[in-house]
Amino acid sequence: MLSDLDLVREFVSSSIQKKDILLANRSLTAQTVYNTNRLATKTEGVIATAQLNTTQTEFLILSNSSHWELLNQALPESNYLLKGNIDRSGFYHYQHCEIPKDYKLQCTKSVFLWQAWWKYRKNTLQRGIPLDILIQTRDLWYPIKDLTISNGILYVKTLVSEIEIYADDLVIWLSKSEVNSQN
């Protein structure tokens, strides 16, 4: 029997490939209904959808689903990122994003970005702004110029702006492929 994460990954993969799906385990059901791949639970109903009849696949993920973290793990693995705020129906939108060569997409709590930065911050003193870690702002990827934390808020300075991230917030960032960071 497929684990929840494996079933979610199959849902994502089939949706990206514009294929119909019919899979289930004890807690999740993935099926195609009227050109839409849907992921559902018995208690929450539909928690994720992807239209099959569109040129660019977009995923809608229920923001308060108990399986949201699994979806948030599987979608970045396929270079799909959270875009924008929650819509009126309570769904997050995930869209495909180009990732620079030799980088790995990370979608983690801000503390993991802080840990990765702390490990590689010494490079800033040695060779200017390090390119080991990048963060997205203004729909482009920028190196982190500086990162500080104060009162539970992470302040990330890039070449173009400063971003405030709360301790429990998710943050999307890139790490060099050889950089080991935690998810």
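Further up the page is the structure itself.
Counting from 1, residues in each chain are numbered in the order their sequence is written. Side-chain atom pairs in this predicted model are given and counted only at pLDDT of 80 or more, local residue features only at pLDDT of at least 70, and totals for whole chains, interfaces and linings cover all residues. Side-chain measures were taken over the full set of non-hydrogen atoms in the model, leaving aside hydrogen atoms and water.

The helix and strand labels rest on DSSP assignments: H or I over at least four residues marks a helix, E over at least two residues marks a strand, and numbering proceeds from the N terminus. With respect to the helices, strands and loops of the structure, His-67 is situated in the loop between β5 (58-62) and α2 (68-77). Residues are treated as being in contact if the distance between any of their heavy atoms lies within 4.5 Å. Setting aside anything within four residues of it in sequence, one finds His-67 in contact with Asp-4, Ser-27, Leu-28, Thr-41, Glu-44 and Ile-47.

Moving on to the environment of Ile-149. As for its placement among the helices and strands, Ile-149 is situated in strand β10 (residues 140-150). Residue burial is assigned from relative accessible area. The probe radius is 1.4 Å, only protein chains are included, and a residue is buried under 20% of its type maximum, exposed over 50%, and partly exposed in between. The exposure class assigned to Ile-149 is partly exposed, which follows from its relative accessible area of 46%. Spatially, the C-alpha atoms of Ile-149 and Val-111 are 9.9 Å apart, while their sequence positions differ by 38 residues.

The next thing to look at is the packing of aromatic side chains. For any pair of aromatic rings, geometry is given as the distance between the ring centres together with the angle between the planes. Stacked, tilted and edge-to-face are the three classes applied to pairs of Phe, Tyr and Trp rings, where Trp contributes its six-membered ring and a pair requires centres within 6.5 Å; stacked means planes under 30 degrees apart, edge-to-face means over 60, and tilted covers the rest. Taken as a whole and judged by the stated rule, the model has four aromatic pairs. Note on Phe-59 and Tyr-80: the rings are 5.1 Å apart at their centroids and 90° apart in plane angle, and the pair reads as edge-to-face. Residue Phe-59 is found in strand β5, and its partner Tyr-80 is found in strand β6 (residues 80-83); the two are separated by 21 residues along the sequence. Like Phe-59, the residue Tyr-80 is buried in the burial classification. Chaining the aromatic ring pairs together yields one cluster made of Phe-11, Phe-59 and Tyr-80.

What follows deals with the sheet that holds strand β11 (residues 153-158). Strands sit in the order β8-β13-β9-β10-β11-β12 across an open sheet of six strands; the sheet is antiparallel. Looking at the sheet topology across the chains shown, the edges are occupied by β8 (103-109) and β12 (162-166). Mean inter-strand twist for the sheet, computed between neighbouring axes without regard to direction, equals 40°. Both β10 and β11 contribute to a ladder of six bridges, which runs antiparallel. Its bridge partner being in β11, Ile-144 is matched across the sheet by Thr-158. Sheet contacts for helix α3 (residues 110-120): β8, β9 (133-137), β10, β11, β12 and β13 (170-176); angle to β10, the most-contacted strand, approximately 95°. Any two strands with at least two DSSP-identified bridges between them are counted as paired. Note on method: axes are straight lines fitted to C-alpha atoms, helices fitted across the in-contact stretch only, with angles between N-to-C directions ranging 0 to 180 degrees.

Another aspect to go through is the layout of surface pockets. It is the rolling of a water-molecule-sized probe over the atoms that shows where space remains empty. Cavities and pockets are defined on a 1 Å grid built over the protein atoms alone: a cavity is a set of grid points where a 1.4 Å probe fits but cannot escape, while a pocket is an open set with protein on both sides within 12 Å along at least five of seven lines, and lining residues are those with an atom within 4 Å of any such point. Grid points are joined across faces, edges and corners, and a volume is the space filled by probe spheres set on the points. Within this model, the largest pocket holds a volume of roughly 490 Å³. Around the largest pocket, the lining is made up of 19 residues, and of these Leu-82, Gly-84, Leu-170, Val-171 and Ile-172 lie nearest the centre. When contributions to the lining of the largest pocket are tallied by element, the ones reaching two or more residues are β6, β9, β12 and β13. Each residue gets one label: Ala, Val, Leu, Ile, Met, Phe, Trp, Tyr, Cys and Pro are nonpolar, Asp, Glu, Lys and Arg are charged, and the others, such as Gly, are polar. Class assignment for the residues of the lining of the largest pocket results in ten nonpolar, four polar and five charged. Around the second largest pocket, the lining comprises 17 residues; the ones closest to its centre are Glu-69, Asn-72, Gln-73, Cys-107 and Thr-108.

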